[in-house]
Amino acid sequence: ASSKGDIDERIDNLAPRADCGDPENMPLIMEWWDTELLPSKLRKQVQTQESLALTKKSKKQLQKLGKSAAKQGSVSKDNDEEKMANDIGENKEEVNSSCFEQAALSYSKTAALVQHIVPIGAPKQSQEAPQPTLFLTKRELKRQRKLRRAEQQRELQDKQAAGLVPAPEPRLTLQNFIRVLGDQAYLDPSQMEQKVNEQIQARKMAHLERNEANKATKEQKAEKRARKLHEDVSDGVSVAIFYVKDMSHTYHRTKVDLNAQQNNITGGVLECLKPSLACVICEGGPKAIKRYTRLMTVRMKWKGPEDAAIEEEEEEEAENDGEENETSKLKKKFNPENECELVWTGMSRKRLFSRFVFQVCESSDMARKVLASKGVGHYWDQLISHVNGGGSSFNLKLIDNKDDET
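Notes on the structure follow.

## Focus on the packing of helix α11 (residues 250-262) against helix α12 (residues 286-299)
Helix packing for two helices is described by the angle between their axes and how far apart those axes are.
Here's step 1: Orientation of α11 relative to α12, taken along the N-to-C sense of each, is 160°, at an axis distance of 10 Å. Relative to α12, the element α11 lies roughly antiparallel. Judged by the twist between their axes, the crossing of α11 over α12 is right-handed. In this structure, α11 contributes Lys255, Val256, Asn259 and Ala260 to the contact, and α12 contributes Tyr292, Leu295, Met296 and Arg299.
Here's step 2: A breakdown of the residues in the contact of α11 with α12 according to their chemical character gives five nonpolar, one polar and two charged.

Next up, the structure:
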């Protein structure tokens, strides 16, 4: 086995690689393609220094080749070569430092022709993977809350044991104060009972103060109510059409208008005098339309409240006795034959009405023109079709038929 010394000796005796050039062949100051970054005056100085270095190198090679010239070399030539080498070395350092200080792209004629494309990442790389959301069951939530509260209580007990937090007074009630206080309760029971009552009253007042502090203000309640009533209608608007036989009473008009504003419903009430009927158009969210439909078909007393019949009997008796005053004469009565029916419900792409309004028209044609200006003339056609097909109780004839007369 060869020793370490033999291996080092072999490495030292290895021949140099064929592609490894002589250090003297390297550029004196910088590569030729980098000289484009220098001003013209400095570029000439670099070329001068490189030409001197090449001259020195060529003379050195000639001296190696010419044996006679190497043996008969004069002292004067050696001095000239040393002087030239010293001049080259000094000038090389100065030119080299000037090159590094003054090199800039502004001197290059080809730098402006190079286009550096800004790299743009792939679309998928910029989007982070969504983190999965972990939803706990009610049982798991209850267990997590129990453990969290137990940990908080344990930390509080440790602080009380270390003296950082004063220990609370024992919670006394009329059932446990004898067991908690022990002999002290038997010495002065009346005083202990008074102390227990004071503690109970203090706990009650603290509870009421906490409730009062956590109670929402009027602004917060109004905001919460508006947030519950507000619905997203970007995907579509729910529409409902109602037929009302008589909409002249103030009670019905107020209820219809007020509930439409509260539920953020747009549309309106279109009353027709000949024939006498009213069309109620509602636009809004699905929940709002559901509440409004229940109001119109179930909750609203279209024939008047239950005690309206009793009031009418009293008014008739007063008229017979001659005791009716002027206010009762001006009071409008409910229509006992009034009714409301749901004509159609569906979806619309967007709201066609900006708010909820009331409008009166003299004829059916005028009412249809009003709705046609909004692009919903078919709503009136649907209402008339529903009324005409409602049976013998209500049947309209909007067009005279001469065949029926004959």
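What follows continues from the structure just given.
## Quick notes on a positive patch on the surface
Here's step 1: Judged by side-chain charge, Lys218, Lys221, Lys224, Arg225, Arg227, Lys228, Lys287 and Arg291 come together as a positively charged surface patch.
Here's step 2: When residues of the positive patch are traced back to their parent elements, those giving at least two are α10 (218-229) and α12.
Here's step 3: Here the positive patch takes six residues from α10, the largest share from any one element.

## Observations regarding the nonpolar core
General note: in soluble globular proteins, nonpolar side chains tend to be found buried as a group.
Here's step 1: Membership of the largest hydrophobic core comes to 20 residues, with the highest contact counts inside it found for Val256, Val280, Tyr292 and Met296.
Here's step 2: Of all elements in the fold, only β1 (237-244), α11, β3 (277-284) and α12 reach the threshold of two or more residues within this core.
Here's step 3: Residue contributions to this core peak at five residues, all from α12.
Here's step 4: Once residues lying within four places of it in the same chain are set aside, the contact partners of Tyr292 are Phe242, Val256, Asn259, Ala260, Ile265, Val280, Cys282 and Phe356.
Here's step 5: Judged by nonpolar contacts, the second largest core, of 19 residues, contains Tyr243, Leu270, Tyr379 and Ile384.

## What about the packing of aromatic side chains?
Here's step 1: Under the criterion given, the structure shown has four aromatic pairs.
Here's step 2: Here Tyr251 and Phe334 contribute two aromatic rings whose centre-to-centre distance is 5.9 Å and whose plane-to-plane angle is 80°, an arrangement assigned as edge-to-face. Of the two residues, Tyr251 sits in helix α11 while Phe334 sits in the loop between α14 (326-330) and β4 (340-348), which places them 83 residues apart along the sequence.
Here's step 3: Each ring, one from Phe356 and one from Phe358, has its centre 6.0 Å from the other, and the planes form 80°; the classification is edge-to-face.

## Regarding the sheet that holds β3
Here's step 1: Spatial strand order, β4-β1-β3-β2-β5: five strands in an open sheet with mixed pairing. Among the strands making up the open sheet, the edge pair consists of β4 and β5 (356-363). If you compare each strand with its neighbour and ignore which way they point, the axes differ by 15° on average.
Here's step 2: Of the pairings in the sheet, the one linking β1 to β3 comprises seven bridges and is antiparallel in character. Bridging from a neighbouring strand, Tyr243 pairs with Cys279 of β3.
Here's step 3: Taken strand by strand, α11 contacts β2 (266-274) and β5, and its axis lies near 140° from that of β5.

The rules behind the values
- Counting restarts for each chain: residues are numbered from 1 in the order of the written sequence.
- Predicted model: local features are reported for residues with pLDDT of at least 70 only, side-chain atom pairs are reported and counted for 80 or more only, and whole-chain, interface and lining totals are derived from all residues.
- Hydrogens are left out, water is left out, and the side-chain values use all remaining heavy atoms of the structure.
- Axis definition: a line fit to C-alpha positions, over the contact stretch in the case of helices; interaxial angles, taken between N-to-C directions, run 0 to 180 degrees.
- Where helices and strands are cited, they refer to DSSP runs of H or I of at least four residues and of E of at least two residues respectively, numbered from the N terminus.
- Our angle categories are set so that under 35 degrees counts as roughly parallel, over 145 as roughly antiparallel, 65 to 115 as roughly perpendicular, and the remainder as oblique.
- Crossing handedness is defined as follows: a turn of the near helix away from the far one that is anticlockwise and smaller than a right angle gives a left-handed crossing, while the clockwise case is right-handed.
- Working rule for contacts: check all heavy atoms of both residues, and any pair within 4.5 Å makes them a contact.
- Residues are grouped as follows: Ala, Val, Leu, Ile, Met, Phe, Trp, Tyr, Cys and Pro are nonpolar; Asp, Glu, Lys and Arg are charged; all remaining types, including Gly, are polar.
- Like charges within 9 Å and nonpolar side chains (Val, Leu, Ile, Met, Phe, Trp, Tyr) within 5 Å are joined into patches, using only residues over 30% in relative accessible area that form no salt bridge.
- Note on areas: these come from Shrake-Rupley sampling with a 1.4 Å probe, and a residue is covered only by the protein chains present in the view.
- Any Lys or Arg side-chain nitrogen located within 4 Å of an Asp or Glu carboxyl oxygen qualifies as a salt bridge.
- When charges are counted, Lys and Arg are positive and Asp and Glu negative, with His and the chain ends excluded.
- To locate a charge, the coordinates of NZ of Lys, CZ of Arg, CG of Asp or CD of Glu are taken.
- Each nonpolar core is a collection of buried residues, namely Ala, Val, Leu, Ile, Met, Phe, Trp, Tyr and Cys, held together in the definition by side-chain atoms within 4.5 Å.
- Relative accessible area decides the class of each residue, using a 1.4 Å probe on protein chains only: under 20% of the type maximum gives buried, over 50% gives exposed, and in between gives partly exposed.
- Ring pairs are drawn from Phe, Tyr and Trp, using the six-membered ring of Trp, whenever the two centres fall within 6.5 Å, and their geometry is named by plane angle: stacked under 30 degrees, edge-to-face over 60, tilted for the rest.
- DSSP-based pairing: two strands are paired if at least 2 bridges between them are found.

Nothing here speaks to function; it is geometry throughout.
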